[in-house]
Amino acid sequence: MKVLIIGSGGREHAITWKISRSNRVKKIFAIPGNPGIAQIAECVKININDIKAIADFAEKEKIDLTVVGPEAPLVAGIVDEFETRGLKIFGPSKEAARLEGSKAFSKEMMKAFGVPTADFKIFDNPEEAKTYIKKKGAPIVVKADGLAAGKGVVVAQTVEEALDAVEKIMVDKVFGNAGNKVVIEECLKGEEASYLVISDGKRYIPLAPAQDHKAVFDGDRGPNTGGMGAYSPAPVLSPELEKEVREKVIEPMLRGMAERGTPFKGILYAGIMITEDKGIQVLEFNVRFGDPEAQVILRRMKTDLVELCEKAIEGNLPEKIEWDDRTAICVVLASKGYPGRYEKGKEITGIKEAEQIDDVVVFHAGTAIKDGKLVTNGGRVLNVTAMGKDIKEAIENVYEAVNRIYFEGMHYRKDIGAKALKERQT
């Protein structure tokens, strides 16, 4: 069969890698892909937001299955366009994807379905939003309603900071129309965790738990990024907490979405905060694989991803997913300056040498080919993944691989997995 992958990052390289291992797949296309993906798929230059052109391509090439990596095409309605043409595509409909595409919609659905979340208010008028902030005080959270590439949330420690966030989002329009509305909510304290499931609209199967590392520097210091590394399995949620997440978050959400006529098919990703005083609270929902969580989850998945996607689309998920018992780990190699300004075009060496280590796979996140050489082309450049019989061995393997790769200004965290190691030793 022929499969099409939408996206160009490390997550999409991991999805392509996993799909390439299915013996049912004869040919893979990627739109637009990247130099790493190009080693196992044919990359096609079509604008990722040009849904009609992508659907035309899928029709012309008689694509049997399309898998969407990033959120933007899902929120724009790529699934609806494909389905009206009778094309098989994995991911939620435009209406269901609003759970990520609109923070206001997501909060309203949580409230309607009784899913625990921070108290909130929605505003489309900046002056009213500012008056509310002054009344409430700080710390307080300000969120742009629409997609803002993960940068639309401000956890304001002072009233001034919150007012400034409203001004930037709603008046200066730093995120464009994503800032037409804001959600203002109480600031929660606790430990963050993510919980991902695959759903066929009625039933769901949890994916292997993974722990992400958002801060740019070791010890969880510095500004937040798209993610600097991950590992799986992760002892983030105890069995009791996992049961609570399933019963209070996942099940009411999926049931509620189905009852309102917009069943959720695809990957539902709940970002949760485990608080001391209020128990589990949902921070946000995403409607696709996390990045870099997908990189470690897919390294451990033994079940054929193609089969899983097809069964989810058809509405008959299998009973369970098979997992490798070993630990998978991912370390992100980033450009100097990321998540702020950074330079591109630095030559990358050592990937081949790194992949000579057993069970090491390097996924491309922000790379390009320039004058026949592989160069940096993004903030997050490479995702180095490794396996180990336990977290200790996985950490040793991944950092041995990292040491073989070089580009000027290469930055990475040296403590990915350290939390799990500590928890194991206590």
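Residues numbered from 1 in each chain as written. Predicted model: local features only at pLDDT ≥ 70, side-chain atom pairs only at ≥ 80, totals over all residues. Heavy atoms only, no water.

Novice: Looking at this structure, I do not really get the packing of helix α1 (residues 10-20) against helix α10 (residues 293-300). What am I missing?
Specialist: To characterise two packed helices, one gives the angle between the axes of the helices and the distance between these axes. The interhelical angle for the contact between α1 and α10, taken along N-to-C directions, is 15°, at an axis separation of 8 Å. With respect to α10, the element α1 is oriented roughly parallel. Note on packing geometry: the crossing formed by α1 with α10 is left-handed. For the pair formed by α1 and α10, the contact residues are Gly10, Arg11, Ala14, Ile15, Trp17 and Lys18 on the first element and Ala294, Gln295, Leu298 and Arg299 on the second. Class assignment for the residues of the contact of α1 with α10 results in 5 nonpolar, 2 polar and 3 charged. (Axes fitted to C-alpha atoms, helices over the stretch in contact; angles between N-to-C directions. Helix = DSSP H or I, 4+ residues; strand = E, 2+ residues; numbered from the N terminus. Parallel < 35°, antiparallel > 145°, perpendicular 65-115°, else oblique. Left-handed = near helix turned anticlockwise from the far one by under 90°. Contact = heavy atoms within 4.5 Å. Nonpolar A, V, L, I, M, F, W, Y, C, P; charged D, E, K, R; others polar.)

Novice: Sorry if this is basic, but what is going on with the environment of valine 361 here?
Specialist: Residue placement: valine 361 occurs in strand β19 (residues 361-364). Spatially, the C-alpha atoms of valine 361 and alanine 334 are 17 Å apart, while their sequence positions differ by 27 residues. Setting aside residues up to four positions removed in sequence, valine 361 forms contacts with Trp17, Arg299, Glu355, Asn383, Val384 and Thr385.

Novice: For this particular structure, what's the right way to read the side chain of glutamate 293?
Specialist: On the secondary structure map, glutamate 293 appears in helix α10. The buried charged residue glutamate 293 lacks any salt bridge, with lysine 214 as its nearest oppositely charged partner at 5.4 Å. Polar contacts involving the side chain of glutamate 293 include one to the side chain of tyrosine 269, which spans 2.8 Å. Once you skip the residues sitting within four places of it in the chain, glutamate 293 turns out to touch Ser194, Ala210, Asp212, Ala230 and Tyr269. (Buried < 20%, exposed > 50% of the residue type's maximum accessible area, 1.4 Å probe, protein only. Lys, Arg positive; Asp, Glu negative; His and termini not counted. Salt bridge = Lys/Arg side-chain N within 4 Å of Asp/Glu carboxyl O. Polar contact = N/O pair within 3.5 Å; in protein donor to acceptor, adjacent residues only side chain to side chain.)

Geometric descriptors of this kind do not, in isolation, establish any biological role.
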